[in-house]
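Secondary and tertiary structure notes
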Amino acid sequence: MALPYFYINDIVADTLTLDEDTSKHVVQVLRKKVGDDILLTDGKGTKAIATITDDNRKRCAVHLGSREREEEPQPRVCIAISLIKNASRFEWFLEKATEIGVREIIPLLCERTEKEKFRHDRLNNILISAMLQSQQCWLPVLQNPADFGAVLKWGGYDHQFIGHCLPEERRSLTQLSKDLQGSSIVYIGPEGDFTKEEIEAALQHNVTAVMLGDTRLRTETAGIVAAILLRCR
């Protein structure tokens, strides 16, 4: 049986005390005792077997044994996606993007974005849960919401794409992804799509306009389709 898997921010010392929520899950829910093993990851590529030395339900202590380091998943993919009005749909996107192996997520503020409250701690916890569920040890970087125009200037990726629905010249991301080498970022607009001015600004920054299929997709669905095309190549 696979060992239960938990997240801890830093794996540095040989002895660690788990936070109260994790301690409660380990001791009360899973009924783990002194001498039992669990798996820990720091979300930065390190995975370690930890043996329980104190089964206190509020401050469970563990001793770290063998550790292994996993290389960052390749190709590196970033999804820069507009916030959407329905918070649960955006949370669904975060969960599935993590399972697929997206490395960075940038919530975009576009001209047509219907701004909602952004609870970074809650959303980051969703990423952590999805990382653990999918047995990974790299946690996606969740940026704070940023203006679309500012993100265009960030750089850092080998390929840049923007998906939109306007009747402009676009290439198929399905076809383009087959021959890509290196990292990629794709921009996904709000429910009302990018404006013509935003698309023109992207093209001026050497961003390639793409289509994600033959049908019009919701924002969160478009994000997942793009993630699959860019990750599974």
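Everything discussed here concerns the structure shown above.
Note that the coordinates shown come from a computational prediction; the quantities given were computed from them, not determined experimentally.

Calculation notes
Residues numbered from 1 in each chain as written. Predicted model: local features only at pLDDT ≥ 70, side-chain atom pairs only at ≥ 80, totals over all residues. Heavy atoms only, no water. Helix = DSSP H or I, 4+ residues; strand = E, 2+ residues; numbered from the N terminus. Buried < 20%, exposed > 50% of the residue type's maximum accessible area, 1.4 Å probe, protein only. Contact = heavy atoms within 4.5 Å. Areas by Shrake-Rupley, 256 points an atom, 1.4 Å probe, with all protein chains shown as cover. Lys, Arg positive; Asp, Glu negative; His and termini not counted. Charge placed at Lys NZ, Arg CZ, Asp CG, Glu CD. Core = buried A, V, L, I, M, F, W, Y, C linked by side-chain atoms within 4.5 Å. Phe/Tyr/Trp six-rings, centres within 6.5 Å; stacked < 30°, edge-to-face > 60°. Salt bridge = Lys/Arg side-chain N within 4 Å of Asp/Glu carboxyl O.

A look at the overall build of the chain
- For the chain, the helix and strand inventory stands at 7 helices and 13 strands.
- Along the longest, intermediate and shortest principal axes, the C-alpha atoms of the chain span 65 × 35 × 30 Å.
- Burial analysis of the chain (233 residues in total) assigns 48% to the buried set.
- Residue pairs in contact within the chain that sit at least 24 positions apart in sequence constitute 76% of those at least 6 positions apart.
- Within the structure as shown, the chain displays about 12100 Å² of accessible surface, and the carbon and sulfur contribution to it stands at 46%.
- Measuring between centres, the 30 positive side-chain charges of the chain sit 4 Å from its 34 negative side-chain charges.

Comments concerning the nonpolar core
- Counting residues in hydrophobic clusters, the biggest one holds 40 residues, and the most contacted among them are Ile79, Phe93, Leu94, Ile105, Phe161, Leu173 and Ile188.
- Looking at this core, the elements with two or more residues in it are strand S1 (5–7), strand S6 (77–82), helix H2 (87–100), strand S7 (104–109), helix H3 (120–133), helix H5 (173–177), strand S12 (184–188) and helix H7 (219–231).
- Once residues lying within four places of it in the same chain are set aside, the contact partners of Ile105 are Ile79, Ile81, Phe93, Leu94, Ala97, Leu127, Pro140, Val141, Leu142 and Gln143.
- Membership of the second largest hydrophobic core comes to 18 residues, among which are Leu108, Phe148, Ile162 and Tyr187.

So, the packing of aromatic side chains
- Under the defined criterion, the tally for this structure stands at 3 aromatic pairs.
- Their ring planes at 85° and their centres at 5.6 Å tell us that Phe148 and Tyr187 sit as a pair that is edge-to-face. Of this pair, Phe148 sits in helix H4 (residues 148–151) while Tyr187 is found in strand S12, placing the two residues 39 residues apart along the sequence. For the pair Phe148 and Tyr187, a shared accessibility class is recorded, and that class is buried.
- Aromatic rings pair up to connect Phe148, Tyr187 and Phe194 into one cluster.

Notes on the pattern of salt bridges
- Applying the stated criterion across every chain yields a total of 11 salt bridges.
- Ionic pairing is found between Glu220 and Arg89, a salt bridge with its closest N-O pair at 2.9 Å. Here Arg89 lies in helix H2 and Glu220 lies in helix H7, a separation of 131 residues in the sequence. Summarising the burial analysis for this pair, Glu220 and Arg89 share the class buried.
- Lys96 is paired through a salt bridge with Glu95; the nearest N and O atoms lie 3.0 Å apart.
- Judged by relative accessible area, which is 24%, Lys96 ranks as partly exposed.
- When its relative accessible area of 30% is taken as the criterion, Glu95 is described as partly exposed.
- Bridged by salt links that share partners, the residues Glu72, Arg76 and Arg103 form one connected network.

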